[in-house]
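Read off the chains here:
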Amino acid sequence: GDVVFIVINIDEKTSFDLNITLGASRTEYILTPQSNNLTSQKVLLNGKTLSIAHDGTFPGIIGRRVNLVKVTRTPPISISFIVVHEAQIQQCLEADSADAK
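Remember, predicted model here, so these are calculated numbers, not experimental data.

Concerning the environment of Ile8
Item 1. Note on placement: Ile8 falls in strand β1 (residues 3–9).
Item 2. Separated by 81 residues in the primary sequence, Ile8 and Ile89 have C-alpha atoms spaced 23 Å apart.
Item 3. Ile8 has contacts with Ser78 and Ile79, leaving out every residue within four places of it along the chain.

Structure (structure tokens):
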């Protein structure tokens with residue numbers, strides 16, 4: 001199964017690198033304020049501005065798919081959702097097996 005890491009970086013200047021070695025691949029959703037400005041009214045998802053359409057609908061949320069060789073960088077003032085696909089964590093596999101019975 002998949003596992004999601006939620007990483008919150010509250011530092012205003014420092015990025016952090018995460019070396020995630022689980023799974024077959026991962027999808028990253030990294031939210032940051034525009035220009036790293038805490039008072040910005042715009043939010044970026046993986047560097048692209050999120051905005052509501054003229055008809056009031058919210059845009060599709062599309063993550064950035066990466067292979068496991070790449071390190072995930074969490075920028076300053078960010079919230080990251082990192083979906084690790086096919087993580088094969090034993091406790092999760094056992095819980096899935098028990099639920100199926």
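Thoughts on the nonpolar core
Item 1. With five residues, the main nonpolar core is built from Val3, Ile20, Ile82, Val84 and Ala87.
Item 2. Discounting chain neighbours no more than four positions away, the residues touching Val3 are Ile82, Val83, Val84, Ala87 and Ile89.

Quick notes on the side chain of Ser80
Item 1. With respect to the element layout, Ser80 can be found in strand β8 (residues 78–85).
Item 2. Aside from chain neighbours lying at most four places away, what touches Ser80 is Phe5, Ile6, Val7, Tyr29, Ile30 and Thr74.

Things to note about the pairing of strand β3 (residues 25–33)
Item 1. Here β3 lies mainly inside the structure; seven of its nine residues are buried.
Item 2. Pairing geometry for β3 and β8, over seven bridges, is antiparallel. Directly across from Tyr29, in β8, lies its bridge partner Phe81.
Item 3. Across three bridges, the pairing between β3 and strand β6 (residues 64–66) is antiparallel. What sits directly across from Arg26, in β6, is Val66.
Item 4. Note that β3 and strand β4 (residues 43–45) share three bridges and pair antiparallel. Paired with Leu31 across the bridge in β4 is Leu45.

A short note on the side chain of His85
Item 1. Looking at the secondary structure, you find His85 in strand β8.
Item 2. His85 sits in the buried class, given a relative accessible area of 14%.

Observations concerning the pattern of salt bridges
Item 1. Evaluation of the coordinates by the stated rule reveals three salt bridges.
Item 2. One salt bridge in this structure joins Glu28 and Arg64, with 3.2 Å as the shortest N-O distance. Linking Glu28 in strand β3 with Arg64 in strand β6, this pair joins segments that are 36 residues apart in sequence.
Item 3. Sharing partners across several salt bridges, the network here consists of Arg26, Glu28 and Arg64.

Examining a nonpolar patch on the surface
Item 1. Together, Val4, Ile6, Ile8, Ile10, Ile79 and Phe81 make up an exposed nonpolar region whose accessible area comes to about 590 Å².
Item 2. Where the nonpolar patch is concerned, the elements lending two or more residues are β1 and β8.
Item 3. With three residues, the top contributor of residues to the nonpolar patch is β1.
Item 4. Examined against the element boundaries, Ile10 turns out to sit in the loop between β1 and β2 (16–18).
Item 5. Classification of Ile10 by relative accessible area gives exposed; the value is 73%.

Rules of the game
Residues numbered from 1 in each chain as written. Predicted model: local features only at pLDDT ≥ 70, side-chain atom pairs only at ≥ 80, totals over all residues. Heavy atoms only, no water. Helix = DSSP H or I, 4+ residues; strand = E, 2+ residues; numbered from the N terminus. Contact = heavy atoms within 4.5 Å. Core = buried A, V, L, I, M, F, W, Y, C linked by side-chain atoms within 4.5 Å. Buried < 20%, exposed > 50% of the residue type's maximum accessible area, 1.4 Å probe, protein only. Pairing = 2+ DSSP bridges. Salt bridge = Lys/Arg side-chain N within 4 Å of Asp/Glu carboxyl O. Patch = residues over 30% accessible without salt bridge, like charges linked within 9 Å, V, L, I, M, F, W, Y side chains within 5 Å. Areas by Shrake-Rupley, 256 points an atom, 1.4 Å probe, with all protein chains shown as cover.

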